[in-house]
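Observations on the model geometry
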Amino acid sequence: MSKPNYYGVYGRERAGIYTSYEKLKRDGRYIKGLKQKGFIFKKDAVQFVVDGLSKDYKSMNADDIDTDLLRKTKNWNYSILDLKKRIIIAEIAE
């Protein structure tokens, strides 16, 4: 089995895509309710985050999540409000 290139990550307040597991381990301790999974392809990591947010946090509809933002993400996480469409995007600094 190949080593994951991307890590889909989400929790109660944040979500994102990581390409570094070390960075994920450092940041992950600050994400409440952290769920994570490694993937070979970025599209699969994005889908994991979108599906998880809509399933675990019923107030989020998959159609309302800005997947383009997640696709551009590299070692960043965003507040949940930032991931909703029509909201000004503010990156959470490392």
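Residues numbered from 1 in each chain as written. Predicted model: local features only at pLDDT ≥ 70, side-chain atom pairs only at ≥ 80, totals over all residues. Heavy atoms only, no water.

Now for the sheet that holds strand β2 (residues 14-18). The four strands lie next to each other as β3-β1-β2-β4, forming an open sheet whose pairing is antiparallel. A single partner strand is all that each edge strand has here, and the edge strands are β3 (35-39) and β4 (76-79). Averaged over all pairs of adjacent strands, the angle between strand axes in this sheet comes to 15 degrees, irrespective of strand direction. When β2 meets β4, the two strands line up antiparallel, connected through four bridges. Residue pairing for β4: Arg-14 is matched across the bridge by Ser-79. Along the sheet, helix α2 (residues 42-56) makes contact with β1 (6-10), β2 and β3, crossing β1 at roughly 15 degrees. (Pairing = 2+ DSSP bridges. Helix = DSSP H or I, 4+ residues; strand = E, 2+ residues; numbered from the N terminus. Axes fitted to C-alpha atoms, helices over the stretch in contact; angles between N-to-C directions. Contact = heavy atoms within 4.5 Å.)

Here we take up the pairing of β2. The buried fraction of β2 amounts to four of the five residues, a majority that puts the element mostly inside the structure. Pairing geometry for β1 and β2, over four bridges, is antiparallel. Note that in β2 the partner of Tyr-10 across the bridge is Ala-15. Between β1 and β2, which pair antiparallel one after the other, the connecting turn spans three residues. (Buried < 20%, exposed > 50% of the residue type's maximum accessible area, 1.4 Å probe, protein only.)

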